[in-house]
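Each chain, letter by letter, is given below.
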Amino acid sequence: MTEGEPRSSAFQAHAIALLWRSLAGRRLSTLWRLARLIGPLVERLSRRERQITRANLVEVYPSSSPSECSQLARQSLTHSAATMLELGFAWMGEPERVEASVLEVHGRELLDEARAEGRGIIVLAPHFGNWEVLNFWLSGHFPFTAMYEPPKLAPLDPIIRQGRERRGGILVPTNPRGVAALLKALKRSEAVGILPDQEPDWGSGVFSPFFGRLAYTATLLPKLVARTQARVVTGVALRLPGRGFAIHFLAADARVYEPDETTSASGVNASVESAIALDPAQYQWEYKRYRKTPEEAEGHPDFKRFRIY
């Protein structure tokens, strides 16, 4: 690391935080109008986001025409732009305003019933809609713990932590200490959040179908369920463009409760698919969900040929 890099990182973090603060007080309708301008620009100018988004959409919706995939890609990138613009709102906006932006809550009874039975709740929170608004709402209505990996720009860490914990939520590291904290929270009949659609490191997952193609999927969930008998739900904050959000809690696929890791992972992916079906355009398709392949895991000499990106 050169002498100038820490200073450069601090400057970048300061600029980003300043942008978040400037957007925190804006109306959601204004942020959505900005997203509608930025989304098509990202599709046109950012080759990486465009190619990955389209590759994923062609893979998961093979019966769609090229024009339909292009339209969905543009819509998806617009929603991703909206999520980025709304970070300041979710982390720094007046709590009353953020709470009031949640116009509907569906399926809350799944969480209330689990707690009444003395069971913990595992919320599968995929990259759909605005997951930071979901975190805000959960932290304000339930004792809530979630795993957290610090950003690459270290000076942003305290800002993000403060935003995510300001309603009482607890962030724990993505390591064995963090897993232990999740287990303790579940045994206290509390709620915890995990990311079901983030590709884990080698050795921490199994391959299971996601929209028909094998995706390397984390195996943390069956370990948590086996030791706590927690209820599993999928949670998303669906964007109601320009108006607010509708939070949906969906019962997870029954396979998530199976002790076999591959079977449980299939249930996790099916649960994410059900959430995406609410509005496919609101899923973050620019993530390389299929980066790891079975051929690479098996040491196939030509494993790169089996990748889609």
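Summary of the structure given here. In this text the structure is predicted, and so the values were computed from the model without any measurement.

1. Comments concerning the overall build of the protein
Along its length, the protein carries 13 helices and nine strands. Since a compact globule built from 309 residues should have a radius of gyration of about 19 Å, the 19 Å found for the protein is in line with a globular shape. With the C-alpha coordinates aligned to their principal axes, the bounding extent of the protein is approximately 50 × 45 × 45 Å. Relative to its full complement of 309 residues, the protein shows a buried share of 49%. Sequence-distant contacts, at least 24 apart, represent 77% of the contacts inside the protein between residues at least 6 apart. Seen as two clouds, the 39 positive and the 34 negative side-chain charges of the protein have centres 5 Å apart.

2. Observations regarding the sheet that holds strand β1 (residues 102-106)
Here we have seven strands laid out as an open sheet, ordered β1-β9-β8-β2-β5-β3-β4, and mixed in their pairing. Looking at the sheet topology across the chains shown, the edges are occupied by β1 and β4 (170-173). Sheet twist, expressed as the mean angle between neighbouring strand axes with direction ignored, is 25 degrees. Examined bridge by bridge, strand β2 (residues 121-124) and strand β8 (residues 231-240) share four bridges and lie parallel to one another. In the sheet register, valine 123 faces β8, and the bridge partner there is valine 233. Taken strand by strand, helix α11 (residues 220-228) contacts β2, β3 (144-148), β5 (191-194) and β8, and its axis lies near 165 degrees from that of β2.

3. Considerations on the packing of helix α3 (residues 47-60) against helix α4 (residues 66-85)
Across the interface, α3 lies against α4 with an axial gap of 9 Å and an inter-helix angle of 125 degrees. Our classification of the angle between α3 and α4 gives oblique. Where α3 crosses over α4, the two elements pack in a sense that is right-handed. Contact with α3, carried on its side by Glu49, Thr53, Arg54, Leu57 and Val58, involves Cys69, Ser70, Leu72, Ala73 and Leu77 of α4 and no other residues of that element. A per-class count over the contact of α3 with α4 returns six nonpolar, two polar and two charged.

4. Regarding the packing of aromatic side chains
The relation between two aromatic rings is expressed through the spacing of the ring centres and the mutual angle of the planes. With the rule as written, the count across this model stands at twelve aromatic pairs. Ring plane angle 45 degrees and centroid distance 5.8 Å describe the contact between tryptophan 137 and phenylalanine 249, whose orientation is recorded as tilted. One end of the pair, tryptophan 137, is in helix α8 (residues 131-141); the other, phenylalanine 249, is in strand β9 (residues 244-251), with 112 residues separating them in the sequence. Relative accessible area serves as the criterion here: at 3%, tryptophan 137 is assigned to the buried category. Among the aromatic residues, those joined into a ring-pair cluster are Tyr61, Phe210, Phe211, Tyr283, Trp285 and Tyr290. Of note, arginine 213 hangs over the ring of tyrosine 290, and the distance from its end group to the ring centre comes to 5.6 Å. Stacked on the ring of phenylalanine 306, the Lys or Arg arginine 305 has its end atom at 4.5 Å from the ring centre.

5. A closer look at the pattern of salt bridges
Throughout the structure, instances matching the rule amount to 18 salt bridges. Taking the shortest distance from any N to any O, the salt bridge between glutamate 86 and arginine 239 comes out at 2.9 Å. Of this pair, glutamate 86 sits in the loop between α4 and α5 (87-92) while arginine 239 is found in strand β8, placing the two residues 153 residues apart along the sequence. As far as the burial class goes, glutamate 86 and arginine 239 line up, both buried. Note that glutamate 296 is salt-bridged to arginine 307, the shortest N-O span being 3.3 Å.

6. As for the environment of tryptophan 285
By the secondary structure assignment, tryptophan 285 is in the loop between α12 (261-276) and α13 (294-297). In this structure tryptophan 285 touches Ile52, Thr53, Asn56, Leu57, Val60, Tyr61, Ser76, Phe211, Ile276 and Pro280, once residues within four positions along its chain are discounted. A distance of 2.9 Å separates the side chain of tryptophan 285 from the backbone oxygen of proline 280, its partner in a polar contact.

7. A closer look at the side chain of serine 189
Among the secondary structure elements, serine 189 is positioned in the loop between α10 (176-187) and β5. Among the residues examined, serine 189 registers a relative accessible area of 12% and is labelled buried. The contacts of serine 189, once residues within four sequence positions are left out, are Arg115, Gly118, Arg119 and Gly120.

8. Some remarks on a nonpolar patch on the surface
On the surface, Leu34, Leu37 and Ile38 cluster together into a nonpolar patch covering about 250 Å² of accessible area. With respect to the helices, strands and loops of the structure, leucine 37 is situated in helix α2 (residues 28-45). Given the relative accessible area of 59%, leucine 37 is considered exposed.

Rules of the game
- Residues numbered from 1 in each chain as written.
- Predicted model: local features only at pLDDT ≥ 70, side-chain atom pairs only at ≥ 80, totals over all residues.
- Heavy atoms only, no water.
- Helix = DSSP H or I, 4+ residues; strand = E, 2+ residues; numbered from the N terminus.
- Rg over C-alpha atoms; globule rule 2.2 N^0.38 Å.
- Buried < 20%, exposed > 50% of the residue type's maximum accessible area, 1.4 Å probe, protein only.
- Contact = heavy atoms within 4.5 Å.
- Lys, Arg positive; Asp, Glu negative; His and termini not counted.
- Charge placed at Lys NZ, Arg CZ, Asp CG, Glu CD.
- Pairing = 2+ DSSP bridges.
- Axes fitted to C-alpha atoms, helices over the stretch in contact; angles between N-to-C directions.
- Parallel < 35°, antiparallel > 145°, perpendicular 65-115°, else oblique.
- Left-handed = near helix turned anticlockwise from the far one by under 90°.
- Nonpolar A, V, L, I, M, F, W, Y, C, P; charged D, E, K, R; others polar.
- Phe/Tyr/Trp six-rings, centres within 6.5 Å; stacked < 30°, edge-to-face > 60°.
- Lys NZ or Arg CZ within 6 Å of the ring centre and 35° of its normal.
- Salt bridge = Lys/Arg side-chain N within 4 Å of Asp/Glu carboxyl O.
- Polar contact = N/O pair within 3.5 Å; in protein donor to acceptor, adjacent residues only side chain to side chain.
- Patch = residues over 30% accessible without salt bridge, like charges linked within 9 Å, V, L, I, M, F, W, Y side chains within 5 Å.
- Areas by Shrake-Rupley, 256 points an atom, 1.4 Å probe, with all protein chains shown as cover.

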